[in-house]
Amino acid sequence: MTSRELDAAGITEPGLRQAYRRCREVNSRHGRTYFLATRLLSPAQRPAVHALYAFARRLDDLVDEPAPGATPEGLAATLHEVERHFRTELAAGHSDDPLRTAVIDTAARYDIPEPHFSAFFTSMRMDLTVTAYPTRAALEGYVHGSAEVIGLQMLPVLGTVVPRAEAAPHAAALGKAFQLTNFLRDVAEDLGRGRVYLPADELAAHGVDRDRLAWCARTRRADRAVRRALAEQVARTRRIYAEARPGIPMLHPASRPCLRTAFTLYGGILDRIEAADHNVFAGRARVPRHRRLLAAGDALVRARWARRRHPVAVA
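We now turn to the structure provided with this report. (Residues numbered from 1 in each chain as written. Predicted model: local features only at pLDDT ≥ 70, side-chain atom pairs only at ≥ 80, totals over all residues. Heavy atoms only, no water.)

This next bit is on the packing of aromatic side chains. This structure, assessed with the given rule, holds 13 aromatic pairs. Pairing F55 with F121 gives two aromatic rings, centres 6.1 Å apart and planes at 70°, and the pair type is edge-to-face. Pair noted here: F55 is in helix α4 (residues 46–64) and F121 is in helix α7 (residues 115–129), with a separation of 66 residues, a long-range link. A single burial state applies to F55 and to F121, both of which are buried. Judged by centre distance (6.1 Å) and plane angle (40°), the ring pair of F86 and F121 falls under tilted. Placement of the pair is F86 in helix α5 (residues 72–92) and F121 in helix α7, with a sequence separation of 35 residues. (Phe/Tyr/Trp six-rings, centres within 6.5 Å; stacked < 30°, edge-to-face > 60°. Helix = DSSP H or I, 4+ residues; strand = E, 2+ residues; numbered from the N terminus. Buried < 20%, exposed > 50% of the residue type's maximum accessible area, 1.4 Å probe, protein only.)

Rendered as structure tokens:
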């Protein structure tokens, strides 16, 4: 964390400054695209974004990259202990752990409700035992905690020009749209972890099941039935993006360039999936580098202009 960012955010206590610096290091190492996106926000907003990302990343890695020999039961117990400590520390307003110290401070500064964190723990626990989702409703229960609440956590940091409750559904929808995009892009990778994040009944309507997806992953090909099923999933995800779009003008003007860029680039992953005729097994769908650079450059200009005209107040 740069001193400029910490100063802009009004973070002065030395231990707290070090805690936020630790979160920034996690973000820069593990979330390179996310880290670069934070550069489009004002310096005053960046520490909180780094704190929220680092906390979520730690829990996600605990589940997705367990230590050798770890068991689901052991991981569940660890998650339970982490959540128990976090709830106690959140109520007390302090922690001895650097990442939790920063996120607790962020939650207090921006009045982020505790249920937005507890829902994330719930979804992380689901990843330890749930390997498939029979219906859209079942999947949405997971997505609420894994993605929608991330949008809701971020909303007070981004700021709004309308009452927060008015913008909240759109923020949640954007988190959901990003997550559903990840599910489509990462079908093969998730299968490697033993999970399928596409509703089984919607796949079955096209004659697709886990075994068929596994065959596609092994052969790096998508047959006609799988292509049809994924095309339907892409269309459903685009409708979620449409629900999210009206929320961008509701944000603080200084935050809009960052979110518009993320909206465009993540939506571009769906374009790439369609361009590959929905064969997500041959390689990861990526927005071309020149498009990412062009979008980022334009957004940087807009972000600097917006910050000059509409400074962000310190929380």
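With that settled, the discussion passes to the environment of D61. If you trace the backbone, D61 turns up in helix α4. The class of D61 is buried, set by a relative accessible area of 18%. For D61 and M124, which are 63 residues apart along the polypeptide, the C-alpha to C-alpha distance reads 9.8 Å.

Tallying each qualifying case throughout the model produces 27 salt bridges. One salt bridge connects E83 with R125, and the closest N-O pair in it is separated by 2.5 Å. Here the residue E83 occupies a position in helix α5, and R125 occupies one in helix α7, the gap between them amounting to 42 residues. Assessed through its relative accessible area of 8%, E83 is described here as buried. Judged by its relative accessible area of 29%, R125 is partly exposed. (Salt bridge = Lys/Arg side-chain N within 4 Å of Asp/Glu carboxyl O.)

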